[in-house]
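For reference, the chains in residue letters:
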Amino acid sequence: MEDAIVGVKAGCAGRFGCVIGVDRRDQTQAMRDAGADVVVTDLGQIQLAVEPSSAWSLVFEDFDPAQEGIREALCALGNGYFATRGATAGAQADDIHYPGTYLAGGYNRLRTDIAGRSVENEDLVNFPNWLALKFRIGGDDWFDVRSVKILSYRQELDLRSGMLLRSLSFEDGQGRRSTLCERRLVSMGDMHLGALELALTADNWSAGVTVRSAIDARVTNDGAKLYRKFNNKHLESLAGEVVGEDGVCLLVRTCQSHISVAQAVRTRSFLDGKLLEVRRRVIEEPGYIGQELKVDLKQGETLLIEKLASIYTSRDHAISECGLEARKAIARAGRFEAVLAEHVLAWKHLWRRFDVHIQPTDQGFKSNVPMLLRLNMFHLLQAVSPNSIGLDIGVPARGWTGEAYQGHIFWDELFIFPFFNYRMPEITRSLLMYRYRRLGEARAAAATAGYKGAMFPWQSASNGEEETQAFNLNPRSQRWVRDNSYLQRHVGSAIAQNVWQYFQVTRDVEFLHAYGAELILDIARFWSSIASFDDARGRYEIRGVMGPDEFHDGYPDATTPGLNNNAYTNIMAVWVLCRALEVLELLSEVRRAELAARLGLSAEELARWDDISRKMFVPLHDEGIISQFEGYETLRELDWEGYRTRYGNIQRLDLILEGENDSTNQYKLSKQPDVLMLFYLFSADALGELFERLGYAFEYETIPRNIAYYADRSSKGSTLSQAVLGWVLARSDRQRAMDFFVQSLQSDVNDVQQGTTAEGVHLGAMAGSIDLMQRVSTGIEARGDVLHFAPELPQELERLDLSIRYRGHSLDLRLTRDALRVRGRDDAAPPISLCVEDNIYEFVSGTTRVFRLSGEAKGRFR
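Model, not experiment: these values are computed from the prediction. (Residues numbered from 1 in each chain as written. Predicted model: local features only at pLDDT ≥ 70, side-chain atom pairs only at ≥ 80, totals over all residues. Heavy atoms only, no water.)

**So, the pattern of salt bridges**
Phase 1 of the analysis: In this structure the tally under the stated criterion is 62 salt bridges.
Phase 2 of the analysis: Among the salt bridges present, the one from R598 reaches E518, with a minimum N-O distance of 3.4 Å. Within this pair, whereas R598 is found in helix α12 (residues 589-599), its partner E518 is found in helix α10 (residues 509-530), the two being separated by 80 residues in sequence.
Phase 3 of the analysis: For R598, a relative accessible area of 53% corresponds to the exposed category.
Phase 4 of the analysis: When its relative accessible area of 1% is taken as the criterion, E518 is described as buried.
Phase 5 of the analysis: Residues participating in the shared-partner salt-bridge network are R443, E518, D522, R525, R598 and E605. (Salt bridge = Lys/Arg side-chain N within 4 Å of Asp/Glu carboxyl O. Helix = DSSP H or I, 4+ residues; strand = E, 2+ residues; numbered from the N terminus. Buried < 20%, exposed > 50% of the residue type's maximum accessible area, 1.4 Å probe, protein only.)

**Brief notes about the side chain of E156**
Phase 1 of the analysis: By the element assignment, E156 lies in strand β10 (residues 149-158).
Phase 2 of the analysis: Classification of E156 as buried rests on a relative accessible area of 0%.
Phase 3 of the analysis: In this structure the side chain of E156 is engaged in a polar contact, spanning 2.8 Å, whose partner is the side chain of R154. (Polar contact = N/O pair within 3.5 Å; in protein donor to acceptor, adjacent residues only side chain to side chain.)

**Notes on helix α3 (residues 322-332)**
One turn of the α-helix equals 3.6 residues, which is why residues spaced by three or four share an orientation.
Phase 1 of the analysis: Among the residues of α3, those classed as buried are C322, G323, E325, A326, A329 and I330. One side of α3 carries all its buried residues, which in axial view fall inside an arc of 165 degrees. In α3, the exposed positions angled more than 90 degrees off the buried face are occupied by A331 and R332.
Phase 2 of the analysis: Buried residues belonging to α3 abut β16 (247-254), β17 (260-271) and β21 (302-313).
Phase 3 of the analysis: The opening residue of α3 is E321, an N-cap whose side-chain oxygen sits 2.8 Å from the backbone nitrogen of G323. (Arc of directions from axis to C-beta. Contact = heavy atoms within 4.5 Å.)

**What about the packing of aromatic side chains?**
Phase 1 of the analysis: Per the counting criterion, the structure on display carries 35 aromatic pairs.
Phase 2 of the analysis: Note on Y451 and F526: the rings are 5.6 Å apart at their centroids and 85 degrees apart in plane angle, and the pair reads as edge-to-face. Here Y451 is found in the loop between α8 (439-448) and β23 (471-474), whereas its partner F526 is found in helix α10, with 75 residues between them in sequence.
Phase 3 of the analysis: For Y451, a relative accessible area of 27% puts it in the partly exposed group.
Phase 4 of the analysis: Judged by its relative accessible area of 2%, F526 is buried.
Phase 5 of the analysis: Of the aromatic side chains, those joined through ring pairs into one cluster are Y405, F410, W411, F415, W458, Y568, Y680 and W727. (Phe/Tyr/Trp six-rings, centres within 6.5 Å; stacked < 30°, edge-to-face > 60°.)

**As for the pairing of strand β35 (residues 839-843)**
On any regular strand, side chains alternate: one points to one face of the sheet, the next to the other face.
Phase 1 of the analysis: For strand β34 (residues 832-836) and β35, the ladder comprises five bridges, and the chain directions are antiparallel. Following the sheet pairing, S833 is matched in β35 by E842.
Phase 2 of the analysis: What sits between β34 and β35 in their antiparallel hairpin is a turn of two residues, with E837 showing a positive phi close to 50 degrees. (Pairing = 2+ DSSP bridges.)

**Some thoughts on the confidence of the model for the chain**
Phase 1 of the analysis: Summary statistics for the chain give a mean pLDDT of 91 and a share of 93% for residues scoring 70 or more.
Phase 2 of the analysis: Long-range and interchain partners of residues 1-50, a stretch whose pLDDT sits below 50, account for 114 contacts in this model, where long-range means more than four residues apart.
Phase 3 of the analysis: Long-range and interchain partners of residues 858-862, a stretch whose pLDDT sits below 50, account for 23 contacts in this model, where long-range means more than four residues apart. (pLDDT = per-residue confidence, 0-100.)

**Some details on the side chain of Q291**
Phase 1 of the analysis: Position of Q291 among the secondary structure elements: in strand β20 (residues 288-297).
Phase 2 of the analysis: Q291 gets classed as buried once you look at its relative accessible area, which sits at 5%.
Phase 3 of the analysis: In terms of polar contacts, Q291 uses its side chain to reach the side chain of R280, at 3.2 Å.
Phase 4 of the analysis: Every residue in contact with Q291, bar those within four places of it in the chain, is listed here: V211, R212, S213, V242, E245, D246, G247, V248, R280, R281, V282 and I283.

Given below as structure tokens:
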């Protein structure tokens, strides 16, 4: 996809679309062409009476088969319970389209005999396709956009209302001209409902139109190239039936996990607003049930087809049987407009809480940053929303928008949770319970490996087992390569960090007592048991692990995987042990005694925690460079320019080098930040305290020196790279940081990994880009019962507005070049402490305070 995506024509919806990668003059003219009320001042500033629609719409002005997979992922609709990709209504899986409907937490496990091995994989299941709605004119074939002459085309993802809009005018082989408009939603107001509306206008013809509406369960998991060699038929069809005069219902079940899923659809047709009473023919085949109806359409008339779908599963709360509930829901649902109204209202309430409003300067970003920020927020809210509260789900790295990574859950929560913590922390609380419920499995994994405590898996799905594949296929060499990424034990530290940050923002003592403390303590027990004391060094070590950088899983030419003393892993282990000791002090005497007895905590073990937290080994080299792992400095330098010249895109150097019978283990390089993650997670003060506790020197120069060293040795092979690099450079190199920020924003829109977006969006990178804007600009940090601000607005912005929740307070923040305004909207919350530019103030609920900024705050990286 080109960097510039321009969509400015008026379509059926009467809106103009996004403008990306155009200069200010072109943008002004585009807005005028689209009908916006634009005034240009003598200074060249654009003034709008209201925010332009381009800030709320992702628009495509053509049909491009090569880009359809990417657009289907970008235009997926969801509500935190289920999601449906943005495939054209009536499309079937082929080399262009891939319709997919995914239930949050809907996994199934299959075995495959491949290359002499029996491999077991657990996948996020592609459930029946409710979008099966197609038509044909006269006796022609079913409509296919590829078989007609397209006169105009427009596809819009309306972020404000959570709708997918598609309109096209076309001419078929008979010379008949038609206009087709589609509206689609997955209801945020009723999490079990989806709705689709098609309007077909006969521009210059009169003929009979045949419509077929169905539920298609003949689907497989075929949406990710890497897994196509594995068994992929997850569904068993149980029963199909007609429901009333205008509906059908289909019941399926996953073949191993035995999740029963019922879909019921209701299809109605209208002419001139009047419901048509038409005869219907039922089409029923194994795994498929539908109805076919015929309507005579005259020139100039518009046939309106409404299709509503309800989805229930056997795991839902407060139901009798999922088929019964699906049928009841579809019978009770109103027309499309009624479902739409409830849906739009729910999105209105979400945007009120979550929106980040930015006002760029005249010489601001070239890209449409406001829209891109909202696109990323939109996908986060579709993956987890208020509808997700109470569901037993985590947050997959790719959301519920495709089958990449098989829908597994990694450590991306570390990047995602801050977005929810400060706005709707009850969502974070529910998601943390996914980890708590799997403590038993993590304890069993630790015991099997010979350790104490809880060892969480790198990849998790239904029950918390390790789901990392033993081998992965390198598409370059067509060789199966062992996957040792299960050695990324640092995922446990990420979980502890998530618990602690949630507690810092909310002060939810009851959650800490009941669940959070146990998580942190058991993760601390694991780090204590895996650490061993080296007599020669007089320090503790952690051996045989991997850090976040997946390019290094062992030493050059070693026969066994794993690295010793990965700096990020070791320092995070120290942080967890410190927090565990602090958590014990925060607990009531009764709860502390209960957990000590349950976990078998002794005074001797707690003394060991304290000792490890003061004597952990951290590898260093070259006067203050934190070694990524012990021995890193002995690796060879890579010929970066040579590889760029030979291969162009070198993000996946692991695949390139393996294809050359070489290995990334030989070189000083990284796929994504590893050491730099320490600067992403911790302020300079917090990191300095950890180093001081360990007895290592930590100077200010340590940070920029390490950033420069590792940034130059990164292939940026992960979409998380740009967000982290943008963050760590924010206080030292603002322009470069903003460049990384814009790159991060566009990771999926521009499909920077050349083909991965079609298999699912990257939620971690999306959240990271939002976090960059909110945390870098405001310098917000919840620490030590104080909400800290170290504001520094990017030069590209005039103003930043956002709303947050903090310990019972609803706060509206407005940041300008010279002031931070904090307005409280609650009257009953107890006072809180704010720290702005190193000065602490008491803030009383229901008041407004304006803090004049001197620009002399110590900041995050002083």
